[in-house]
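Coordinate analysis (summary)
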Amino acid sequence: DGGITQSPKYLFRKEGQNVTLSCEQNLNHDAMYWYRQDPGQGLRLIYYSQIVNDFQKGDIAEGYSVSREKKESFPLTVTSAQKNPTAFYLCASSNHGTGHQDNYGYTFGSGTRLTVV
Amino acid sequence: GEDVEQSLFLSVREGDSSVINCTYTDSSSTYLYWYKQEPGAGLQLLTYIFSNMDMKQDQRLTVLLNKKDKHLSLRIADTQTGDSAIYFCAESIGGGYNKLIFGAGTRLAVHP
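Residues numbered from 1 in each chain as written. Chains lettered and ligands numbered in written order. Predicted model: local features only at pLDDT ≥ 70, side-chain atom pairs only at ≥ 80, totals over all residues. Heavy atoms only, no water.

1. Quick notes on the packing of aromatic side chains
All names here are of chain A.
- All chains considered together, the criterion is met by 15 aromatic pairs over all chains.
- An angle of 20° between the planes, with centres 4.1 Å apart, marks the rings of Y33 and Y106 as stacked. Here the residue Y33 occupies a position in strand 4 (residues 31-37), and Y106 occupies one in the loop between strand 9 (87-94) and strand 10 (107-108), the gap between them amounting to 73 residues. The burial state of Y33 is the same as that of Y106; both residues are buried.
- Taking the centre distance of 5.9 Å and the plane angle of 80° together, the rings of Y47 and F55 count as edge-to-face. (Phe/Tyr/Trp six-rings, centres within 6.5 Å; stacked < 30°, edge-to-face > 60°. Helix = DSSP H or I, 4+ residues; strand = E, 2+ residues; numbered from the N terminus. Buried < 20%, exposed > 50% of the residue type's maximum accessible area, 1.4 Å probe, protein only.)

Listed below in structure tokens is the structure:
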């Protein structure tokens, strides 16, 4: 079955460490996205990628980095520069909007909960 | 600018209907979506409506769209305890890529 997989489900980070969250999809989707969700809040866009080897900053990119070397994979690194990284991280994928009457809703992974210890 | 607003909390009795409301700002939105998030999980697409439609029904779910007022609603008939979750409204906007703008989510609590 096609889907989008995030790993690990839970991740603990010590102060000053970089950690990388994995996101893999086998839906043949062109675009991939990373969101951060804090308790009681909505989704905030960190980074997105429309095509392999290209990505753009979202609304809260500071302290994060990404790569898109393969269509299927869009890993997110939370660097030590991110001062408040404890949150729930969601990855999503979609096809491009072409302006035609096709639905291009996002498919989400099950999330990674990152905690600073 | 782009904005999607929802009320944050709704409490209903089991068996009653739930209505979750959403307003959006971009009149050029092509699709509007409802997602459901259960505790500790990702977002699951519940239903969507194309902007040239007024209503869409899918089993217990009814979506109403008022384009003039930029108002979207989700009605859940015969609400069950399994419907307890956070519901996100989202609009798709143009601008070169498939960008969805999400509301903050409405937490639905179903009580006996």
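2. Comments concerning the state of the cysteines
- Here the structure, examined in full by the defined rule, presents two disulfides over all chains.
- There is a disulfide in this structure between A:C23 and A:C91, and the S-S distance comes to 1.9 Å. Disulfide A:C23-A:C91: torsion about the S-S bond near -80°, hence left-handed. Here A:C23 is found in strand 3 (residues 19-25), whereas its partner A:C91 is found in strand 9, with 68 residues between them in sequence.
- Overall, A:C23 belongs to the buried group, its relative accessible area being 0%.
- A sulfur-sulfur separation of 2.0 Å characterises the disulfide bridge that pairs B:C22 with B:C89. Where B:C22 bonds to B:C89 through sulfur, the torsion about that S-S bond is close to -65°, and the disulfide is left-handed. (Disulfide = S-S within 2.5 Å.)

3. Remarks on the layout of surface pockets
- Volume-wise, the largest pocket comes out at about 450 Å³.
- In terms of lining residues, the largest pocket is bounded by 24 residues, among which A:Q37, A:G40, B:Q37, B:I86 and B:R107 are the most central.
- Of all elements in the fold, only strand 9 and strand 11 (112-116) of chain A together with strand 9 (85-93) and strand 11 (106-111) of chain B reach the threshold of two or more residues within the lining of the largest pocket.
- Grouping the constituent residues of the lining of the largest pocket by class yields eleven nonpolar, nine polar and four charged. (1 Å grid on protein atoms, 1.4 Å probe; cavity = no way out; pocket = protein on both sides within 12 Å on 5 of 7 lines; lining within 4 Å. Points joined across faces, edges and corners; volume = space filled by probe spheres on them. Nonpolar A, V, L, I, M, F, W, Y, C, P; charged D, E, K, R; others polar.)

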